[in-house]
Amino acid sequence: MEYREYLLETFAFNDAANRQMLKKIGQLNDQSEAIRYFSHLINSQLKWMARIKADPRSPEMDWWKPVYEYGQLEDKWAESLKLWIDYIKATSEAELLQEVDFIGFDGGLWAARPLDIALQLNYHSIHHRAQIQTLIRAQGETPDFIDYIGTKYRKIN
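None of the values given here were measured: they were computed from a predicted structure. (Residues numbered from 1 in each chain as written. Predicted model: local features only at pLDDT ≥ 70, side-chain atom pairs only at ≥ 80, totals over all residues. Heavy atoms only, no water.)

Student: How should the overall build of the chain be read in this particular structure?
Tutor: For the chain, the helix and strand inventory stands at five helices and two strands. Its helices and strands in sequence order give the chain the pattern α-α-α-α-β-β-α, from N to C terminus. Taking 2.2 N^0.38 as the reference for a compact globule, 157 residues should give roughly 15 Å; the C-alpha atoms of the chain span a radius of gyration of 17 Å, in line with that estimate. Expressed along its principal axes, the backbone C-alpha trace of the chain runs to roughly 45 × 45 × 25 Å. Within the chain, the proportion of its 157 residues that are buried is 40%. The contacts of the chain with a sequence gap of at least 6 include a subset with a gap of at least 24, amounting to 69%. Per element, the accessible surface of the chain, about 9200 Å² overall, is 53% carbon and sulfur. Both charge centroids of the chain, one from 19 positive and one from 23 negative side chains, sit 5 Å from each other. (Helix = DSSP H or I, 4+ residues; strand = E, 2+ residues; numbered from the N terminus. Rg over C-alpha atoms; globule rule 2.2 N^0.38 Å. Buried < 20%, exposed > 50% of the residue type's maximum accessible area, 1.4 Å probe, protein only. Contact = heavy atoms within 4.5 Å. Areas by Shrake-Rupley, 256 points an atom, 1.4 Å probe, with all protein chains shown as cover. Lys, Arg positive; Asp, Glu negative; His and termini not counted. Charge placed at Lys NZ, Arg CZ, Asp CG, Glu CD.)

Student: What's the story with the pairing of strand β2 (residues 109-112) in this structure? I'm lost.
Tutor: Along any regular strand the residues' side chains alternate between the sheet's two faces. With four bridges connecting them, strand β1 (residues 100-103) and β2 associate as antiparallel partners. Bridging from a neighbouring strand, Ile 103 pairs with Leu 109 of β2. (Pairing = 2+ DSSP bridges.)

Student: When you look at the packing of aromatic side chains in this model, what are you seeing that I'm missing?
Tutor: Two measures describe an aromatic ring pair: the distance that separates the ring centres and the angle between the ring planes. Applying the stated criterion across every chain yields a total of seven aromatic pairs. Geometrically, the ring pair formed by Trp 48 and Phe 102 is edge-to-face, given 5.1 Å between the ring centres and 75° between the ring planes. With Trp 48 in helix α2 (residues 32-52) and Phe 102 in strand β1, the pair connects residues that are 54 residues apart, well separated along the chain. Per residue, the accessibility class of Trp 48 equals that of Phe 102, and both read buried. Aromatic ring contacts, followed pair by pair, group Phe 11, Trp 84 and Tyr 87 into a single cluster. When the ring centre of Tyr 37 is taken as origin, the NZ or CZ atom of Arg 36, which lies over that ring, is 5.3 Å away. Above the plane of the ring of Trp 48 lies Arg 51, whose end atom (NZ or CZ) is 4.5 Å from the centre. (Phe/Tyr/Trp six-rings, centres within 6.5 Å; stacked < 30°, edge-to-face > 60°. Lys NZ or Arg CZ within 6 Å of the ring centre and 35° of its normal.)

Student: Help me out: how do you make sense of helix α5 (residues 114-138) in this one?
Tutor: Side chains that are three or four residues apart share a direction in an α-helix, a result of its 3.6 residues per turn. For α5, built from 25 residues, the straight-helix expectation of 36 Å at 1.5 Å per residue is met to within 8% by its first-to-last C-alpha distance of 36 Å. Note on α5: the residue one or two positions beyond its end, Gly 140, has a positive phi of about 85°. (Expected span 1.5 Å × (residues − 1).)

Student: Which parts of the structure should I look at to understand the packing of helix α1 (residues 3-25) against α5?
Tutor: Helix packing geometry: the angle between the two helix axes and the distance between the axes. Taken N-terminus to C-terminus, the directions of α1 and α5 make an angle of 20°; their axes are 10 Å apart at the nearest point. By the angle class used here, α1 and α5 are roughly parallel. For α1 against α5, the interelement crossing comes out left-handed. Judged by residue contacts, Tyr 3, Tyr 6, Leu 7, Thr 10, Phe 11, Phe 13, Asn 14, Ala 17, Asn 18, Met 21, Lys 24 and Ile 25 of α1 engage Leu 115, Ala 118, Leu 119, Asn 122, Tyr 123, Ser 125, Ile 126, Arg 129, Ile 132, Gln 133 and Ile 136 from α5. Each residue belonging to the contact of α1 with α5 can be placed in one class, and the counts come to 15 nonpolar, six polar and two charged. (Axes fitted to C-alpha atoms, helices over the stretch in contact; angles between N-to-C directions. Parallel < 35°, antiparallel > 145°, perpendicular 65-115°, else oblique. Left-handed = near helix turned anticlockwise from the far one by under 90°. Nonpolar A, V, L, I, M, F, W, Y, C, P; charged D, E, K, R; others polar.)

Student: Honestly, the nonpolar core in this entry has me stumped. Any pointers?
Tutor: Here is a general trend for soluble globular proteins: nonpolar side chains tend to be buried in one another's company. With 37 residues, the main nonpolar core has Ile 25, Phe 38, Trp 84, Ile 117 and Ile 132 as its most contacted residues. Looking at this core, the elements that each hand over two or more residues are α1, α2, α3 (70-90), β1 and α5. When residues of this core are assigned to their parent elements, the largest contribution, nine residues, is made by α2. Excluding residues that lie within four positions of it along the chain, Phe 38 makes contacts with Asn 18, Leu 22, Ile 25, Leu 73, Trp 77 and Ile 132. (Core = buried A, V, L, I, M, F, W, Y, C linked by side-chain atoms within 4.5 Å.)

So, in structure tokens, the structure goes:
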């Protein structure tokens, strides 16, 4: 499997899992912390894309703000995801492995491969989804089963 194919599959899995979780967030009595984490996932995708594209505004973009309203999350998520899907589809395997420079947290010049940034975003999404699952359980709700293997295994008997 090529990197591009793997990244697209991973983003697709995270998209489906996050959208499923978003519905569950809508059922919570206290949505605030779950919305904050979900907003952070959106902001992270936007900020990393701005870094890759050398957007001069990227250093001022915040990882945690803005915190979106619940009703905005689905559209904002779709927008941030589309940037990555379009980027991956338009980027060659060689370009995914070629470092890009960006301004880091300390104002210094840093470099990373787009492949690793995309992987980070997907793994980061899994991390925060687990935190949201914990918030769901703490409010007395049963989290949905959104494990990756659930999209791959099948019952044969």
